[in-house]
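Given next are the chains, with one letter for each unit.
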Amino acid sequence: MTIRADRALRECDEGVLEWVPIPQLNALPAWEGWSVHDERAGYVGEVVEVAERATQPLLTVRRAEGGEALIPLVDEFIVDVDEDGRRIDVSLPAGLLDL
């Protein structure tokens, strides 16, 4: 299954693929323990939680240098999801990791 921030590609009858909104799947991605890498900052850290919030899902990431970062799980930030490598590549706005 390929996952984007708000949709997942799932196989239907006879190998037909369709995009399905994640709320219809009744589950957020199970990305706990996956590594997060930003295009500018490099390795950010490890996902400790994927949580539904009122506005959008958030990734809670344990930072490599200590502390945590909250990353909104939106299409604009997600560059690639490597399921085999358990890696999420993101392109975050400047300053987001400093909050």
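Structure: see above.
This one's a predicted model, so the numbers in the text were calculated from it and none came from an experiment.

### What about the pattern of salt bridges?
The tally for this structure, following the rule as stated, stands at two salt bridges. With its nearest N and O atoms 2.4 Å apart, the salt bridge here joins E65 to R63. Note on E65: relative accessible area 55%, which makes it exposed. For R63, a relative accessible area of 15% puts it in the buried group. Residue D89 is joined to R87 by a salt bridge in which the shortest nitrogen-to-oxygen separation is 2.6 Å. Accessibility expressed as a relative area gives 18% for D89, which makes it buried. Its relative accessible area of 32% is what places R87 among the partly exposed residues.

### Section: the side chain of R63
Looking at where R63 falls in the secondary structure, it is placed in strand β6 (residues 58-63). Within the local environment of R63, its side chain forms a polar contact with the side chain of E65, the two groups lying 2.4 Å apart. Of note is the side chain of R63, whose polar atom sits 3.0 Å from the backbone oxygen of L97. Leave out the neighbours within four places in its chain, and R63 touches V44, G45, E68, A69 and L97.

### Some thoughts on the environment of W34
Looking at the element boundaries, W34 is found in the loop between α1 (22-25) and β4 (35-38). Exposure remark for W34: the relative accessible area of 7% places this residue in the buried category. A sequence separation of 54 residues divides W34 from I88, and the C-alpha atoms of the two residues are 7.1 Å apart. Leaving out residues up to four positions away in the same chain, W34 has contacts with G45, E46, V47, V81, D82, E83, R86, R87 and I88.

### A short note on unusual backbone geometry
In this structure, R86 takes a positive phi of about 50 degrees despite not being glycine. Locating R86 in the fold gives a position in the loop between β8 (78-82) and β9 (87-90). Here R86 falls in the partly exposed class, since its relative accessible area comes to 39%.

### Some points on the pairing of strand β5 (residues 42-51)
The pairing of β4 with β5 spans four bridges and is classified as antiparallel. Paired with V36 across the strands is G45, a residue of β5. Two successive antiparallel strands, β4 and β5, enclose a turn made up of three residues. Where β5 meets β6, six bridges bridge the pair, whose relative direction is antiparallel. Counted as the bridge partner of V50 is L59 from β6. Between the end of β5 and the start of β6, which pair antiparallel, lie six residues.

Cut-offs and rules
- Residues numbered from 1 in each chain as written.
- Predicted model: local features only at pLDDT ≥ 70, side-chain atom pairs only at ≥ 80, totals over all residues.
- Heavy atoms only, no water.
- Salt bridge = Lys/Arg side-chain N within 4 Å of Asp/Glu carboxyl O.
- Buried < 20%, exposed > 50% of the residue type's maximum accessible area, 1.4 Å probe, protein only.
- Helix = DSSP H or I, 4+ residues; strand = E, 2+ residues; numbered from the N terminus.
- Polar contact = N/O pair within 3.5 Å; in protein donor to acceptor, adjacent residues only side chain to side chain.
- Contact = heavy atoms within 4.5 Å.
- Pairing = 2+ DSSP bridges.

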